[in-house]
Amino acid sequence: MPTVTYVFDDGSKQTVELPVAMSVMRGALANQLPGIVGECGGSTTCGTCHVYLDRSTEMFAPPTDDEDEMLEWTAAPRAGNSRLSCQLVPTQPGAELVVRVPDKQV
Ligand code: FES
């Protein structure tokens, strides 16, 4: 299973295993982790699943036009490694990634 380490604004971390093909956003919600809202359910229309991807950027395709546009409207500032976690779906069974969760989503 892929593993995702969520790093929160207070410096705490939590690592969870995701079923293959589950998004990083869904993984946060399924494990009741704070900081990721996922209000639109993954349709790239809310921006409340914003994360900063610390590494493994080569694991994912670049943002689509819809994701790129939505990243302009996130509550926390956009950075070069900003992504919508609903669009990050690890597909490799042993994949390991780290995402930083911003201090606000709305
Ligand atoms: S859950 Fe709404 S943009 Fe990702």
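Residues numbered from 1 in each chain as written. Predicted model: local features only at pLDDT ≥ 70, side-chain atom pairs only at ≥ 80, totals over all residues. Heavy atoms only, no water.

### Brief notes about the nonpolar core
For step 1, the next point in the chain: If you look at the biggest cluster of nonpolar residues, it comprises 22 residues, and the most contacted ones within it are Val4, Tyr6, Val24, Ile36, Leu97 and Val99.
For step 2, the next point in the chain: For this core, the elements supplying multiple residues, two or more each, are strand E1 (3-7), helix H1 (24-30), strand E3 (50-53) and strand E5 (96-100).
For step 3, the next point in the chain: Looking at this core element by element, the count peaks at three residues for H1. (Core = buried A, V, L, I, M, F, W, Y, C linked by side-chain atoms within 4.5 Å. Buried < 20%, exposed > 50% of the residue type's maximum accessible area, 1.4 Å probe, protein only. Helix = DSSP H or I, 4+ residues; strand = E, 2+ residues; numbered from the N terminus.)

### Section: the pattern of salt bridges
For step 1, the next point in the chain: For the structure on display, the rule yields four salt bridges.
For step 2, the next point in the chain: Residue aspartate 54 is joined to arginine 100 by a salt bridge in which the shortest nitrogen-to-oxygen separation is 3.1 Å. Of this pair, aspartate 54 sits in the loop between E3 and helix H2 (65-70) while arginine 100 sits in strand E5, and the two are 46 residues apart along the sequence.
For step 3, the next point in the chain: By relative accessible area, aspartate 54 is classed as partly exposed at 39%.
For step 4, the next point in the chain: The salt bridge partner of arginine 78 is aspartate 68, with a shortest N-O separation of 2.5 Å. On the criterion of sequence distance, the pair formed by arginine 78 in the loop between H2 and strand E4 (82-84) and aspartate 68 in helix H2 is long-range, its members being 10 residues apart.
For step 5, the next point in the chain: Residue class for arginine 78 comes out partly exposed when judged on its relative accessible area of 33%.
For step 6, the next point in the chain: The partly exposed category is assigned to aspartate 68, whose relative accessible area is 36%. (Salt bridge = Lys/Arg side-chain N within 4 Å of Asp/Glu carboxyl O.)

### Re the environment of histidine 50
For step 1, the next point in the chain: Along the chain, the position of histidine 50 falls in strand E3.
For step 2, the next point in the chain: Residue histidine 50 is classed as buried on the basis of its relative accessible area, which comes to 0%.
For step 3, the next point in the chain: At 2.8 Å, the side chain of histidine 50 and the side chain of serine 82 are in polar contact. (Polar contact = N/O pair within 3.5 Å; in protein donor to acceptor, adjacent residues only side chain to side chain.)

### Comments concerning the confidence of the model for the chain
When pLDDT drops low, the exact placement of atoms in the prediction is not to be read closely.
For step 1, the next point in the chain: Chain-level statistics for the chain give a pLDDT mean of 95 and a share of 98% at 70 or above.
For step 2, the next point in the chain: Confidence scores differ between elements of the chain, with E5 showing the lowest mean pLDDT of 95 and H1 the highest of 98. (pLDDT = per-residue confidence, 0-100.)

### Comments concerning the sheet that holds E5
For step 1, the next point in the chain: With mixed pairing, five strands are arranged side by side in an open sheet as E2-E1-E5-E3-E4. A single partner strand is all that each edge strand has here, and the edge strands are strand E2 (13-17) and E4. The mean inter-strand angle of the sheet, taken between neighbouring strand axes irrespective of direction, is 35 degrees.
For step 2, the next point in the chain: Pairing between E3 and E5: two bridges, direction antiparallel. Paired with leucine 53 across the two strands is valine 99, which belongs to E5. (Pairing = 2+ DSSP bridges. Axes fitted to C-alpha atoms, helices over the stretch in contact; angles between N-to-C directions.)

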